[in-house]
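# Examination of the molecular architecture
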Amino acid sequence: MNNPGPKAVIHLNRLRENIQNIQTHIGDIPLCCVVKARAYGHGAGPIAKTLEKEGIRFFAVFSFDEALELRSIGIQSDIIIFSKIIPSRLFDAVENDFILNLSSMDDIPAFVQCIKEKGVSPRFHIKFDTGMTRLGLDAQDADKLFKVITENAKLRCEGIYSHFSTADEGELSYAHYQLNLFNSLVESGINAGIHFKYIHCSNSGAVLNLPDSRFNLVRVGMLMYGALPSDEVPQNIPIKPVMNYEGTIVNVRRVPKGTSISYGGVYKTMNDTTIAVVQTGFADGFPRPWYENGFVGYKGKEYKIAGRVCMDSFMIDFKKETPLIGDEVLFFGMTKDNHIPVETIAKSIESTTYVLLTAIGGRTEYIYIN
Ligand SMILES: Cc1ncc(COP(=O)(O)O)c(C=O)c1O
């Protein structure tokens, strides 16, 4: 047994297929692939490299350092940084050719200062808040901002965007409200004389639910990783889970009926049974609340998680089965024998696919195949 800990097996062929299927669904509109938060727990470097080879020319990250990491491994495509600008790093952004986020009137002086000192502004997209109440300019500031931009030719405004808060829900009236507001902001900007190279509003939920929000760039995260943003979206694009999260059995023992397992002794064996230990725990991102109804996959069958998930390990009740030390079990994903959608876990523990996937890490070994 080389690695007794958790393994995230990343199927790059599934990533390529997912991207192709999303592209087929939306037609001839470029994708902005969202690879923030270690590509939703999949590893930003290998994911971005695979996507760039597939022809993707636009990436989104959250932090400046995530963007630098992509450049350091040779990613040449456009990279937009979603976070609030860091005024002291504006010239670094120019040097690395990053696209920043202008999300407040308060951001303007930093851009103007950069032009004054260095003669050049970083490229940026204007982010409007249309109802998420997070980062983004208020609609009432639009005309003021458009005036500043049209009066300063050195401000390199290349885009305008916003973000939906309910695009992955069954009830879409609020998303339509946000889209209408965004449309009117785009129109005002164009009427003010600004040419937006990129106009974007879509996320995975909108890809599935709101075809009118595609404009000329579609941001996509969760769908390309092969999971659904929620259980309310239409499942009209074939996708496969890019990550199989797995672990190795390191201990097997027979125990009598009535044996208590793990912290708190909340799990008591109903019969004489086989209990196996895997060395994956909540410190690796394994979802602790899943122990209540959770199971793992082994040789085509499902076996219950026995007792509370520990920091570094958890136990499995194999009943009459006698697995061997070194055998692999599937936590979520899809193998030739088992399929445990991460969506199933998210639903059961009232969490989301976003929370579950981005949590994966800790001592997890990443294995990239295909
Ligand atoms: C601004 C922005 N755009 C796009 C996305 C991608 O969303 P999704 O993973 O639902 O496609 C995110 C993710 O949180 C985001 O914050």
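Residues numbered from 1 in each chain as written. Predicted model: local features only at pLDDT ≥ 70, side-chain atom pairs only at ≥ 80, totals over all residues. Heavy atoms only, no water.

## What to know about the site of the ligand
Every one of the 13 residues lining the ligand counts as a neighbour, but Lys36, Tyr40, Ser204, Arg219 and Tyr354 are closest to it. Take Lys36: an N or O atom from its side chain is 2.7 Å from an oxygen atom of the ligand. Taking Tyr354, its side chain carries an N or O atom lying 2.5 Å from an oxygen atom of the ligand. Isolated, the ligand exposes 400 Å² of accessible area, and the fraction of that covered by the protein chains is 93%. According to the grid-proximity analysis, the pocket containing the ligand is the largest pocket. Elements with a contribution of two residues or more to the shell around the ligand: α2 (36-41) and β9 (218-220). Residues belonging to the shell around the ligand are distributed by class as follows: 6 nonpolar, 4 polar and 3 charged. (Near = heavy atom within 4 Å. Polar contact = N/O pair within 3.5 Å; in protein donor to acceptor, adjacent residues only side chain to side chain. Areas by Shrake-Rupley, 256 points an atom, 1.4 Å probe, with all protein chains shown as cover. 1 Å grid on protein atoms, 1.4 Å probe; cavity = no way out; pocket = protein on both sides within 12 Å on 5 of 7 lines; lining within 4 Å. Sits in = over half its atoms within 2 Å of the grid points. Helix = DSSP H or I, 4+ residues; strand = E, 2+ residues; numbered from the N terminus. Nonpolar A, V, L, I, M, F, W, Y, C, P; charged D, E, K, R; others polar.)

## Some thoughts on the layout of surface pockets
Each pocket or cavity is described by its volume, and for the largest pocket that value is around 500 Å³. Along the wall of the largest pocket there are 25 residues; nearest its centre are Lys36, Arg134, His163, Asn203 and Tyr354. Of all the secondary-structure elements, those providing two or more residues to the lining of the largest pocket are α2, α9 (204-209) and β9. When the residues that make up the lining of the largest pocket are grouped by side-chain class, the tally is 13 nonpolar, 7 polar and 5 charged. (Points joined across faces, edges and corners; volume = space filled by probe spheres on them.)

## Considering the domain arrangement of the protein chain
Structurally, the protein chain comprises domain 1 (12-225) and domain 2 (243-369). Between the C-alpha centres of domain 1 and domain 2 there is a distance of 38 Å. Taken together, the contacts link 11 residues of domain 1 with 13 residues of domain 2. Where domain 1 abuts domain 2, roughly 1100 Å² becomes buried across the two surfaces, and 55% of that area is made up of carbon and sulfur atoms. Summed over the three residues of domain 1 that lose the most area to domain 2, namely Arg14, His42 and Met222, the buried surface amounts to 44% of that side. Within the residue set of the side of domain 1 that touches domain 2, elements represented by two or more residues are α1 (12-26) and α2. Top element by residues in the side of domain 1 that touches domain 2 is α2. It accounts for 4 residues. Broken down by class, the residue content of the side of domain 1 that touches domain 2 amounts to 5 nonpolar, 4 polar and 2 charged. (Domains from an automatic or database assignment. Contact = heavy atoms within 4.5 Å. Buried area = accessible area lost by both parts, 1.4 Å probe.)

## What about the sheet that holds β9?
Reading across the sheet, the 8 strands line up as β8-β7-β6-β5-β4-β3-β2-β9 and stay open at both edges, with parallel pairing between neighbours. With one partner strand each, in any of the chains shown, β8 (198-200) and β9 form the two edges of the open sheet. Taking the axes of each pair of neighbouring strands and ignoring which way they run, one obtains an average angle of 30° across the sheet. In the sheet, strand β4 (residues 78-81) pairs with strand β5 (residues 98-102) via 2 bridges, with the strands oriented parallel. Pairing of Ile80 across the sheet is with Ile99, part of β5. (Pairing = 2+ DSSP bridges. Axes fitted to C-alpha atoms, helices over the stretch in contact; angles between N-to-C directions.)

## Regarding the packing of aromatic side chains
Scanning the model with the defined rule gives 20 aromatic pairs in all. With 5.4 Å between their ring centres and 55° between their planes, Phe314 and Phe331 make a pair best called tilted. Placement of Phe314 in strand β16 (residues 314-319) and of Phe331 in strand β17 (residues 328-334) is noted, with a sequence separation of 17 residues between them. Ring geometry for Tyr366 versus Tyr368: centroids 6.3 Å apart, planes at 20°, classification stacked. Residue placement shows Lys118 over the ring face of Phe91; its charged tip is 4.5 Å from the ring centre. Here the basic side chain of Lys127 rests over the ring of Phe82, its NZ or CZ set 5.9 Å away from the ring centre. (Phe/Tyr/Trp six-rings, centres within 6.5 Å; stacked < 30°, edge-to-face > 60°. Lys NZ or Arg CZ within 6 Å of the ring centre and 35° of its normal.)

## Some words on α1
For an α-helix, the turn length of 3.6 residues means that residues three or four places apart are oriented alike. Its 15 residues place the ends of α1 21 Å apart at the C-alpha level, agreeing with the 21 Å of an ideal helix rising 1.5 Å per residue. Considered for burial, the residues of α1 that qualify are Leu12, Arg14, Leu15, Asn18, Ile19, Ile22 and Ile26. Looking straight down α1, one finds its buried side chains confined to an arc of 150°; they lie on one side. Just past α1, the residue Gly27 takes up positive phi, approximately 80°. (Expected span 1.5 Å × (residues − 1). Buried < 20%, exposed > 50% of the residue type's maximum accessible area, 1.4 Å probe, protein only. Arc of directions from axis to C-beta.)

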